[in-house]
Amino acid sequence: MNVALGTAGVVLGLLGALVGIITLAVGLVRRRPSLVRSGRMYAFMVLGGGLLMTVAMQVALLTDDFSVKFVHDTSSTKTPLLFKVATMWAALEGSLVLWALILSGFTAVVAWRYRDRITDPLVGWALLTMFVVCLFFFGLLAGPANPFRAVSVAPGYDGPGPNPLLQNHPLMAFHPPMLYLGYVGFTVPFAFAIGALVTGRVGEGWLLGTRRWTLFAWGCLTVGIIAGAWWSYEVLGWGGYWAWDPVENASFLPWLTGTAYLHSVMVQERRGMLRVWNLSLLCATFSLTILGTFLTRSGVLDSVHAFSESGIGPWILTFFALVVIVTIGLIGWRGDRLRAPGRIDSPISREGAFLANNVLFAAFAFVVLLGTVFPLIVEWSNGERISVGTPYFNRMTMPLGLTLLFLMAVAPVLPWRKASGELLRHRLLWPAWVGAGVLALAVLAGARGLAPLVAFFLAGFAGGAAGRQLVLATRRHGWRGLVGRANGGMVVHLGVIVIAVAFAASSAYARQAELTLVPGQTATFAGHTLTYRGVVTKTFSNRTSVAAQIEVDAADVYEPALSTFGSGRSLVGTPSVRTSAVDDVALSLLALPPSGDDAAPVTVRVIVQPLIVWLWIGGGVMAVGTLLAIVPTGQRRPTDPVSAAPFSSRGAGGPGDGGDGGDRPGDDDTGPDDDTGPDDDLGGRPTPGEPAVVG
Amino acid sequence: MDVIDDADELAPPRRVAPYVAAAVGVVLLVFIGVLATRKPAEERDQQSPLVGKAVPALSGATLDGGRYDIDNQRGRYVLINFFASWCIPCQLEHPELVQFAQRHEAAGDASVVSVSFQDSEQKIRDFFAQKGGSWPVIAGQNSAAIDFGVAALPESYLVDPNGIVVQKFVGGVRADDVDRTIAEVERLRQGAQP
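Everything quoted here is computed from the prediction, not taken from an experiment. (Residues numbered from 1 in each chain as written. Chains lettered and ligands numbered in written order. Predicted model: local features only at pLDDT ≥ 70, side-chain atom pairs only at ≥ 80, totals over all residues.)

1. Brief notes about the overall build of chain B
No. 1: Helix and strand content of chain B: six helices and seven strands.
No. 2: N-terminal to C-terminal, the α/β element order of chain B is α-α-β-β-β-α-β-α-β-α-β-β-α.
No. 3: By sequence separation, contacts in chain B at least 24 residues apart represent 72% of the contacts at least 6 residues apart. (Helix = DSSP H or I, 4+ residues; strand = E, 2+ residues; numbered from the N terminus. Contact = placed C-beta atoms within 7 Å.)

Right, dumping it as structure tokens:
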């Protein structure tokens, strides 16, 4: 039953995408609007297919229908409910079901959202592109990665359950869907970029149309990556949250190019420049999601959490090649026509800063990509096998990260076109003081070492710049000073800064020890006292855990455990972490005491790292900032590239911060986009009658 | 609005995009070619330069006071197991090794030898006392792991009766897998000498 329904869903999605492609292609090439309009409707058929197969899969998982191959191989009657749901994305085929579902959802929303503009060839080609991507993923599910194959099972059969590491923490239910929303979400701006390239439409209209899509995808990807880091910190028990593992890099690469795009697109909206570059960034972001899918699903790279080996590698690589050939071909064909009419006047300007930002993000992405695939390239060239470790990534990315922090401090105060030294000195004064204050505080708190101290200073500097912008904007607009792209963006910056500080502190000042304790024994490490109380054995439906009870700082008891899941072939550690705003004490049980011997010692690894919790808080701030940036500000004029007035004669600056330089009427409601007054970076157009000068 | 359009100052656009795109495209296609010709990591892990070659010298004092030399084991299969008592996958693997050794004990057609890595003799003794197994254990020979190119524990090498390494096992072995490999080697051998 579930096999039939699931297969029907896959076939429905596949057919919908195929017929949609044909109908749209004929309609667009022959210029028949009626065909294009009917082609749109197939998006809903694809969505129907996606929903049907997902429901069939979930029903099969929840009812332990082992006649479905995927359930047979990966689920178990003993798996707790939450993880039964999450089992869908705990193995390869099911994760593609989730991917295809989200993709069909995005396709349907595009078809619905642009229903009135569907006969616009740009929208038509964009939808066609989405259908092609749908065709590929539903095709994978119909053929090489079919999760709905039927198997016959003996009565009483019970499956092995998902990988123990994937049924160990509730974040597993949350992290992959967020990540996939991000990955798949980039398909929408990519599709519109292809539409713009095919139609050769010069102009910024499509950019505005897809801006929120891009922000939404980016925000989901951000949350997904941070949730993944959190999961690995809580579950893997080595005290780390980021290991530059190929799978992690696969999610980080599109994030880097996507972040570069979010910044450089503002230059295009404002000045009409960098068009080809922005299109290339969007295409690169999408291509990198497909490349990441290949790297994690083909088994070509060693990784702690690559999916199991399967035959789909060549298919994904073929699709990646197709994407690369088509996008590069289109850019080569259209590039000269789209090229920017403008030019950057001065490097010390907002657009100059965005350009530097893009160079840095591109370099960052290149460094990460190179480190990820370098072992494969070396092996190809001389047959040797090497591995590129964390030291390479840390050494290469640290200067880039610090430079980005510096830019984050300077860029938001720069006006468009050109900045004077006087203006910079004035606007950077108090951010610099904040940086100095943070530095002094860090030194007083005992922080040492050049790199972390530089990071703390720059973080304070950048935080001051973002805070200055937000203070100015909220003084003027109240809560509305927090919404809109520029102000929401500053909130995102604050989140990034919090993460940067937590990252620098936790990696520079981590302390680790392995303690062997007998019951009742107390040890002191890194200012924390740990007392071993004894061992408890707990039995859950899906696992048996042996936990050591460790009292931390004579207060709460924490229970790092070793668990045996299901068939008992693998022993999985479950760390236990005492979290506080200042530092984390992470405990992992390393060796089991012999059973039955209550007086035997246990060996526990203790990792003390400062400020860890701020990584997750920073991630939350970034998510909130993204949401604030998505909120419509309501007063947006159509973009008029290249015609932005370089200087407005209206509006004289106030005497100090908070003074208002005055806005051009009709200027958009995003603070730092304002380049008018000598002192102002507030955003927004005052509502009529509202006093323009505050403070 | 005083519009200053920089486009006016620019030279007429040159046709550069096709060339840049072509260059980027070629690089990416080579990259795709490299990716397409890579074997899966799991398969590469199993490959060892030793497979198909004579087993490296392996001899030394065993824990029970005797001496062991792999060269004296010709005529039967030997499973060389690199392990440590502190390595959790090794602890989990151990019952499979016991099972394998027991299966072949009577016939004497295959044996196991364990080589410890960075471990104390006392801990190894405790390990075997607790988990069973009475085959020879060579301790204190960290150089053996280097000779074999051991990357991570546990790792095992199957040596055929002629002293040729026929298979490398990464991670915990399963008795059934080793027996399957032996059966496969025997089948090939009989095919080659009808």
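2. Quick notes on the overall build of chain A
No. 1: Counting its regular elements, chain A contains 18 helices and 10 strands.
No. 2: Expressed as a percentage of its 695 residues, the buried residues of chain A come to 53%.
No. 3: Residue pairs in contact within chain A that sit at least 24 positions apart in sequence constitute 72% of those at least 6 positions apart. (Buried ≥ 20, exposed ≤ 12 C-beta atoms within 10 Å, placed from the backbone.)

3. A few points about the pairing of strand β6 (residues 155-159) of chain B
Strand residues, when the strand is regular, have side chains that alternate between the two faces of the sheet.
All names here are of chain B.
No. 1: Of all five residues in β6, five are buried, a share of seventy percent or more.
No. 2: Across five bridges, the pairing between strand β3 (residues 77-83) and β6 is antiparallel. Residue Val78 lies in a different strand from β6, and its bridge partner there is Val159.
No. 3: Summarising the sheet, β6 and strand β7 (residues 165-170) pair through five bridges and their orientation is antiparallel. (Pairing = 2+ DSSP bridges.)

4. As for the environment of Thr259(A)
All names here are of chain A.
No. 1: Along the chain, Thr259 falls in helix α10 (residues 246-271).
No. 2: Residues Thr259 and Gln521, 262 residues apart in the sequence, show an inter-C-alpha distance of 50 Å.
No. 3: When neighbours within four sequence positions are excluded, Thr259 is seen to be in contact with Trp218 and Phe361.

5. Side note on helix α5 (residues 92-113) of chain A
No. 1: Spanning 22 residues, α5(A) covers 31 Å between terminal C-alpha atoms, matching the ideal 32 Å at 1.5 Å per step.
No. 2: Summarising burial for α5(A): 18 of the 22 residues are buried, a large majority. (Expected span 1.5 Å × (residues − 1).)

6. Some remarks on the sheet that holds strand β4 (residues 110-116) of chain B
Residues and elements named next belong to chain B.
No. 1: Here we have five strands laid out as an open sheet, ordered β5-β4-β3-β6-β7, and mixed in their pairing. Two strands in the sheet have a free side with no partner beyond their single neighbour: β5 (137-138) and β7.
No. 2: Of the strand pairs in this sheet, β3 and β4 are connected by seven bridges, and their pairing is parallel. What sits directly across from Tyr77, in β4, is Ala110.
No. 3: Helix-sheet contacts for helix α3 (residues 88-105) involve β3 and β4, and the interaxial angle to β4 is about 150°. (Axes fitted to C-alpha atoms, helices over the stretch in contact; angles between N-to-C directions.)

7. Some words on helix α15 (residues 421-444) of chain A
Residue and element names in this part refer to chain A.
No. 1: A rise of 1.5 Å per residue sets the reference length of α15, with its 24 residues, at 34 Å; its end C-alpha atoms lie 33 Å apart and thus fit the reference within 8%.
No. 2: At Leu429, α15 shows its maximal bend, which comes to roughly 40°, and the proline Pro431 appears one to four places after that position.
No. 3: All of the buried residues along α15 are Arg427, Pro431, Val434, Gly435, Val438, Leu439 and Ala442.
No. 4: On its buried side, α15 packs onto α14 (390-410) and α16 (450-477).
No. 5: Looking one or two residues beyond α15, the residue adopting positive phi is Gly446, at roughly 105°. (Bend = angle between axes of the 7 residues up to and from the residue.)

8. Some words on the nonpolar core
Residues and elements named next belong to chain A.
No. 1: Of all hydrophobic cores here, the largest spans 192 residues; its most connected members are Phe137 and Val501.
No. 2: When residues of this core are assigned to their parent elements, the largest contribution, 17 residues, is made by helix α6 (residues 121-142).
No. 3: Beyond its immediate stretch of four places on either side in the chain, Phe137 contacts Leu96, Trp99, Ala100 and Leu103. (Core = buried A, V, L, I, M, F, W, Y, C linked by C-beta atoms within 7 Å.)

9. Details of the sheet that holds strand β9 (residues 583-591) of chain A
All names here are of chain A.
No. 1: Ordered in space as β1-β10-β9-β8, the four strands form an open sheet in which the pairing is antiparallel. The open sheet has two free edges, formed respectively by β1 (511-517) and β8 (576-579), since each of these has just one partner strand. Between one strand axis and the next, the sheet turns by 20° as a mean value, whatever way the strands run.

10. Some points on the packing of helix α13 (residues 350-382) of chain A against α14(A)
Residues and elements named next belong to chain A.
No. 1: Taken N-terminus to C-terminus, the directions of α13 and α14 make an angle of 165°; their axes are 10 Å apart at the nearest point. Here α13 lies roughly antiparallel to α14, going by the angle between them. Along this stretch, α13 crosses α14, giving a crossing that reads as left-handed. Facing α13, whose interface residues are Ala353, Ala356, Asn357, Leu360, Ala363, Phe364, Val367 and Gly371, α14 presents Tyr392, Phe393, Met396, Thr397, Leu400, Thr403, Leu404, Leu407 and Val410.
No. 2: Across the contact of α13 with α14, the residue classes break down as 13 nonpolar, four polar and no charged. (Parallel < 35°, antiparallel > 145°, perpendicular 65-115°, else oblique. Left-handed = near helix turned anticlockwise from the far one by under 90°. Nonpolar A, V, L, I, M, F, W, Y, C, P; charged D, E, K, R; others polar.)

11. Structural notes on the confidence of the model for chain B
All names here are of chain B.
No. 1: Scored by pLDDT, chain B comes out at a mean of 81, with 87% of its residues at no less than 70.
No. 2: Predicted confidence in chain B is weakest over helix α2 (residues 41-46), with a mean pLDDT of 62, and strongest over β3, with 92.
No. 3: Scored below 50 in pLDDT, residues 1-11 shows 13 contacts in the model against residues more than four places distant or in partner chains.
No. 4: The ipTM for the predicted assembly is 0.74, set against a pTM of 0.80. (pLDDT = per-residue confidence, 0-100.)

12. Details of the environment of Pro415(A)
Residue and element names in this part refer to chain A.
No. 1: With respect to the secondary-structure elements, Pro415 resides in the loop between α14 and α15.
No. 2: The class for Pro415 is buried, based on 25 C-beta atoms found within 10 Å.
No. 3: Between the alpha carbons of Pro415 and Val71 there is a distance of 58 Å; along the sequence they are 344 residues apart.

13. Focus on the packing of helix α8 (residues 187-199) of chain A against helix α11 (residues 275-297) of chain A
Residue and element names in this part refer to chain A.
No. 1: At a minimum axis separation of 9 Å, α8 and α11 run at an interaxial angle of 135°. Here α8 is positioned oblique relative to α11, judged by the angle of their axes. Considering the relative orientation of α8 and α11, their crossing is left-handed. Residues Thr187, Pro189, Phe190, Ala193, Ala196 and Leu197 of α8 form the contact with α11, whose own contacting residues are Leu279, Leu282, Cys283 and Phe286.
No. 2: Here the contact of α8 with α11 is built from residues that sort into nine nonpolar, one polar and no charged.

14. Things to note about the environment of Leu153(B)
Residues and elements named next belong to chain B.
No. 1: Structurally, Leu153 is set in the loop between α5 (142-148) and β6.
No. 2: We classify Leu153 as buried; it has 22 C-beta atoms within 10 Å.
No. 3: Look past the residues within four positions of Leu153 in its chain and what remains in contact with it is Phe82, Phe83, Ala84, Cys87, Cys90 and Phe117.

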